[in-house]
Amino acid sequence: MPAITLIEAVNMAMAHEMGVDQDVIALGEDVGTNGGVFRATDGLQKKFGKDRVIDTPLAESMIAGVSIGMAAQGIKPIAEIQFMGFIFPAVDQIICHMARMRHRTRGRITLPLVLRAPFGGGIHAPEHHSESTEAIFAHIPGLKVVIPSNPSRAYGLMLAAIRDPDPVIFLEPKRVYRIVKHEVEDNGEDYPIGCCFVDREGTDVTLISWGAMLHETNIAAEKLAAEGVSCEVIDVATVSPLDIDTILESVAKTGRAVIVQEAPKAGSLGSEIAAEIAEKGIFNLLAPIGRVSGYDTIMPYYRLEKQYMPTVDRILEEVRKTVEYS
Amino acid sequence: MPAITLIEAVNMAMAHEMGVDQDVIALGEDVGTNGGVFRATDGLQKKFGKDRVIDTPLAESMIAGVSIGMAAQGIKPIAEIQFMGFIFPAVDQIICHMARMRHRTRGRITLPLVLRAPFGGGIHAPEHHSESTEAIFAHIPGLKVVIPSNPSRAYGLMLAAIRDPDPVIFLEPKRVYRIVKHEVEDNGEDYPIGCCFVDREGTDVTLISWGAMLHETNIAAEKLAAEGVSCEVIDVATVSPLDIDTILESVAKTGRAVIVQEAPKAGSLGSEIAAEIAEKGIFNLLAPIGRVSGYDTIMPYYRLEKQYMPTVDRILEEVRKTVEYS
Amino acid sequence: MTTVAKFDIKYIQYIDKDGKPTTKKLPKLAKDIDALKTLYRSMNRVRVLDTKAYALQRTGKMGTYPAALGQEAIGVGFGSALNKEDVLVPYYRGQASMIEHGVKMEEVLLYWGGDERGSDYQNAREDFPIAVPIATQLLHAAGVAKAMQIRNEQRCVATEIGEGGTSEGDFYEAINVAGIWNLGVVFFINNNQWAISVPSEIQTACETYAQKAIAAGVECVQVDGNDIIAVRDVAEKAYEKARAGKGPTLVECISLRLCDHTTADDARRYRPDGELDEGWKEEPILRLRKYLESLKAWTEEDEKAMQEELAAEVQEAVDNYLNTPVDRPEAMFDYLYEELPTRTLEQREYAIQVAAKKGA
Amino acid sequence: MTTVAKFDIKYIQYIDKDGKPTTKKLPKLAKDIDALKTLYRSMNRVRVLDTKAYALQRTGKMGTYPAALGQEAIGVGFGSALNKEDVLVPYYRGQASMIEHGVKMEEVLLYWGGDERGSDYQNAREDFPIAVPIATQLLHAAGVAKAMQIRNEQRCVATEIGEGGTSEGDFYEAINVAGIWNLGVVFFINNNQWAISVPSEIQTACETYAQKAIAAGVECVQVDGNDIIAVRDVAEKAYEKARAGKGPTLVECISLRLCDHTTADDARRYRPDGELDEGWKEEPILRLRKYLESLKAWTEEDEKAMQEELAAEVQEAVDNYLNTPVDRPEAMFDYLYEELPTRTLEQREYAIQVAAKKGA
Ligand SMILES: Cc1ncc(C[n+]2csc(CCOP(=O)(O)OP(=O)(O)O)c2C)c(N)n1
Ligand SMILES: Cc1ncc(C[n+]2csc(CCOP(=O)(O)OP(=O)(O)O)c2C)c(N)n1
Ligand SMILES: [Mg+2]
Ligand SMILES: [Mg+2]
């Protein structure tokens, strides 16, 4: 079993499901011959033909809207938005239709579709290619928003997303597309959507993160272990609907929480998690909830992006502060 | 001085500023001859001509995009989106350009524009006409998001929004367009953007709300006063950037907080406020933060909308629970 | 300077406003008295329903409602030409086509009466619910057609939009993708000359709405939307072409909105004097009646009988609507996902409690 | 069936790929040797800059960069025809027109080198920064033109988009509003035949991109985008019309992308064999050189001298770019609003501290 990267895992999951389910198709800008600008769909058109791996015209609202139409007929589209920064023309279709078709037809029409998009900073990309706007979608009832943090989860969660009878926004942390490899068996086994994963068990403090930031978070946890601080690390994975119970249980145990995210802070997913802890677990807290976050400013172009992105050092500092608080 | 409604105040502020500043213009679908579907721009075209009060083609991305172009030239557009449910085609222009033009040109191009939209439920409107999605915009750095709750504030804040050198999303709680009247002098005095207003001083608990919900919140506070519970009521008014200091001060005084909002709960502005209190004022809290909110589901059509919207009773219950907590 | 491409836009009309044929090459339909009577009845049915819906709204028993007054030939024309297995993707003023394709009148009323169950069509299971966000539905129609193409089905899709809605980007993205993918979808533009208060002179510099299809390489035609024979005939041919895998068509149907935009509108604020008087002379129902009368196929008694029957039919739908009790509060949650997340489940329980208290 | 509207699309070319005139009715420019030499130099400048930028990227000194190889006649042609007081609203592959309108080469490099200061154009103060979200910029261009119209100014706006970008709704919304408002804006389509890996056969069913303007009632024309005399002449006339309040024009310029989409792309994955060989025979620089040579207006020595001068000029820009120190970390915050909110002010202080620690 060869070790594969996160993006290869995404590819493998799509290929797997297209192989077993005729109704699964892929579409998007440059997904065909080119295999996607990040090669997420590499080889799929050769394998499954132009009818099932479709290069679309350049129009995101169209990609989303057409996927809705197809899904209503029982086709299971996996639509790619080339970068999350270009998802906004599709927001109307996502919010006004994708999220609510089952609801508004009282279950008559359902939309088994996946909308994939690479997101996040740190790869020296041009303007509009590095933002993290998962909070927008996590606020929309009727959507599921999934963010895998490593190859195994990418494989299992992508399978689950395709099989899910409802629309899933699948956000891929492109900074870690290729930085770790896992041995992933192509066995068709999916991972549950709607559950956190516990990356590391610990007793002193709960670190909560998702996507690419989990890597810095895990490194920080490792370093802290050497200092004698025992961190529990939670990969949120499904950012909506949020599995708050796992987080609350952990915080009940550790009494301390630090949330690590790349997105701007105000009105973010981190705010949501903090609010939930504050509502349901406030008196378990021995320290204020720590938050390591991108800033409430525009994602800078790449020369300054390192100044924007949370680092292992910033995490260490915040965790130490939280652990030392009394 | 005749008493006027919230929507009349919006109209009066626009008329005032168009009178004193040639660069101010209004545009949108049906804003001209028809004076807007809610009559917000009633009479403006007659007064200021078709060059300054412009009926646009039916295209929201266009309305936003063209406003950006005009504002870059120093025109000060007040653009209407007919209902907030139809703002989504414009989201790309709002997020990718409106919010960042000053930033990305290092101050060379600035956008003194206002994007108005009526929002919120409770008026038996058709589908897509009743949602409260302020959280989406409050999460976007570079925007200001203002929500007046009564006629005086609508007048003062609209003037401030027009005069603001940066883009302001001005959300009008249409349920209260006509339910209260204030005596508002047309004196051209603006109210500050970026500040909460304290509607009512109190000592036992801080009630935090914005927009139409402030009305239920104030009624609840009145009833609670009769029971001997002293509520401080805060109108957030500018939901982004948030004036968290006023809220923290109040909570430091009362030790208890209840947030009241119409929007769905997960990832909402209420989450943001709760998270901030939890981060910066957690040990002032004598009770968990109470939250009265819309549900994490699609805004129902009107037959069920009353079941969705927070009521005075629900507020009373939550405040009592919060006050009695020990 | 050489010419590299040429286009022209055709206009089709068979019956003029006085019910007189304008050409000798009439389609078969023009001689099929039974078919014409059915169309005539259908147009009248919509008009009765709309009138009733207006009355319900005025008496507080309905929400905002968009009538199709003066535009009945369009929806009835293209809706009736669909086969049962075709799919209809309507816009909000689409009751005429919806009813023709099997949506019940009481479902239409339920939808505008603020009840989601109105979109759980009992007969037209594959048809889309009404799209309020303008132009979005055209992309769904293209997607449905794409699904049919993938599966090699001989079905087609019909969708409708107002002329104002053609200014939205989604309109153009939809016709463009339909063109390049050669989809079996037919786009009908109801050019009723108004988008709420905005006339075409403010909407677009185009001479015709049909020509917008040229931007997508899609075949197009302009039709007299008050002439149901023309609308229906053009629709039939476009559907045949679509089902045969020969691609999309865009059909502009010229009519006039004889009513307010919706019950929430007052067209007197913006409609020029005289427009309505002229419009009423062109309207589709009277025109077809005159034509039928000229064929000696319709009498005053027929009319009376039909109106009575329609009144009863619509009244039954209204009664069914009015007798439908408000849905359970938990219905707010029950169709959000196949399975409700725990968190929202708690809210569901809470909402039930709150409702129970209120009820008590 | 009557015909209600007719359209045709004209194609303009003056000089063919061998540098030979294709008509006797040449515009004045074709005889203005000095002007042609300036255009020739400008096209070469862009090519030298692009080559340099590619090299910088390959050696880790630049971010992703989109070259304009083979498309220089378009941007140089329409960019050079602008007056200083006109406004340019470029797209990401717009360096040719930007430089013509006063943007410095080092600003272009700074932008793609990941520094916002690259958009703080020192000369072209009113020009828009590069738009990466495709088609969005066309609406800004329309808005700028609307502002000029409101103020009754005799200026105009030029904007550019790739042929793939015409599939976006914003493209259509922009030309439609420009049409109905009669705005002084000229839309240039760089039809370089590829949208990353997607050729026109997958993008639209249109025979021409010019014809998309018919959907907006906007005048349009197709031009040989490798013939700078044609591009420039058409641009001049369109601007004159725009400045005179006579409305918008859409100009499709046919070229070929001789390079990868950007430095992040590898066109060998999708480009058919032979396309490049054919393309290089059509390209605009060699063509103008041949034409100049045919007029005895250009020699090998001229070429050598010019290339040396351009190399030095571009090198200076590169040096300025490379010598620009990274901005202060607080610059992330300083241009967000006129005045930074308290909350964000705290983050600014914190960011400064973090940076200081890192530096230490
Ligand atoms: C995206 C969007 N923007 C605005 C509206 C509000 N609105 C509802 S109907 C309408 C006018 C539509 O006119 P037209 O397309 O001509 O259709 P008609 O109503 O005349 O049939 C507007 C602006 C909407 N429903 N959706
Ligand atoms: C809204 C949006 N979607 C997708 C992209 C990603 N993208 C960048 S360039 C490109 C292709 C553009 O092709 P074309 O418009 O023909 O211009 P060209 O690059 O060929 O000059 C794509 C898909 C983007 N920048 N913006
Ligand atoms: Mg209309
Ligand atoms: Mg291209």
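This text gives an overview of the structure that appears in the document. Residue numbers here run from 1 along each chain, matching the order of that chain's written sequence. Lettering of chains starts at A and numbering of ligands starts at 1, both following the order in which they are written. Totals for whole chains, interfaces and linings use every residue, but because this is a predicted model, local features are given only for residues with pLDDT of at least 70 and side-chain atom pairs only at 80 or more, for both listing and counting. Hydrogens are left out, water is left out, and the side-chain values use all remaining heavy atoms of the structure.

## As for the interface of chain C and chain D
Phase 1: The criterion used for residue contact is that any of the two residues' heavy atoms lie within 4.5 Å. Contact residues are listed per partner, giving 38 residues for chain C and 38 residues for chain D.
Phase 2: Regarding the contact of chain C and chain D, the summed buried area is about 3,100 Å², with carbon and sulfur atoms giving 56% of it.
Phase 3: Salt bridge, as applied in this entry: a Lys or Arg side-chain nitrogen positioned within 4 Å of an Asp or Glu carboxyl oxygen. Our enumeration of links across chain C and chain D arrives at zero salt bridges.
Phase 4: In protein, a polar contact requires one atom able to donate a hydrogen and another able to accept it; more generally it is a pair of N or O atoms within 3.5 Å, and residues adjacent in sequence count only if both atoms are side-chain atoms. Joining chain C to chain D, the criterion identifies 27 residue pairs in polar contact (both at pLDDT 80 or more).
Phase 5: Listed by contribution, the elements that provide at least two residues to the side of chain C that touches chain D are β1 (2-12), α6 (169-181) and α7 (200-203) of chain C.
Phase 6: Here the element with the most residues in the side of chain C that touches chain D is β1 of chain C; it accounts for 11 residues.
Phase 7: By residue class, the composition of the side of chain C that touches chain D is 16 nonpolar, 14 polar and eight charged. Once two parts are brought into contact, the accessible area they lose, counted with a 1.4 Å probe and summed over both, makes up the buried area. Counting from the N terminus, the helices are the DSSP runs of H or I reaching at least four residues and the strands are the DSSP runs of E reaching at least two. In this classification, the charged set is Asp, Glu, Lys and Arg, the nonpolar set is Ala, Val, Leu, Ile, Met, Phe, Trp, Tyr, Cys and Pro, and all remaining amino acids, among them Gly, are polar.

## Considerations on the coordination of the magnesium ion (ligand 3)
Residues and elements named next belong to chain C.
Phase 1: Atoms are scored as donors when they are N, O or S and lie within 2.8 Å of the metal, with 3.2 Å used for Na, K and Ca; no water is included, so coordination may look incomplete. For the magnesium ion (ligand 3), the full set of protein donor atoms is Glu163 (OE), Asn192 (OD1) and Trp194 (O), and the range of their distances to it is 2.0 to 2.1 Å.
Phase 2: If you list the donors of the magnesium ion (ligand 3) from N- to C-terminus, the spacing comes out as E-x28-N-x1-W. Placement of the pair is Glu163 in the loop between β3 (157-162) and α6 and Asn192 in the loop between β4 (185-191) and β5 (194-195), with a sequence separation of 29 residues. The two residues Glu163 and Asn192 agree in class, both being buried. Categorising residues by exposure relies on relative accessible area from a 1.4 Å probe, with only protein chains included: less than 20% of the type maximum marks a residue as buried, more than 50% marks it as exposed, and the intermediate range marks it as partly exposed.

## Some points on the pattern of salt bridges
Phase 1: Applying the stated criterion to the full structure yields 110 salt bridges over all chains.
Phase 2: Residues Glu127 of chain B and Arg104 of chain A are paired through a salt bridge, measuring 2.4 Å at the closest nitrogen-oxygen approach. Here Arg104 of chain A lies in helix α5 (residues 101-104) and Glu127 of chain B lies in the loop between β5 (114-119) and α6 (134-138), a pairing that spans two chains.
Phase 3: Under the relative-accessibility criterion, Arg104 of chain A is labelled buried at 2%.
Phase 4: A salt bridge links Arg45 of chain C to Glu313 of chain C, with the shortest nitrogen-to-oxygen separation between them at 2.6 Å. Residue Arg45 of chain C is found in helix α1 (residues 33-58), and its partner Glu313 of chain C is found in helix α11 (residues 300-322); the two are separated by 268 residues along the sequence.
Phase 5: A relative accessible area of 14% means that Arg45 of chain C is categorised as buried.
Phase 6: Here Glu313 of chain C falls in the partly exposed class, since its relative accessible area comes to 31%.
Phase 7: Salt bridges sharing partners connect three or more residues here, namely Arg106 of chain A, Arg303 of chain B together with Asp115, Glu116, Arg117, Asp327, Arg328, Glu330, Asp334, Arg348 and Glu349 of chain C.

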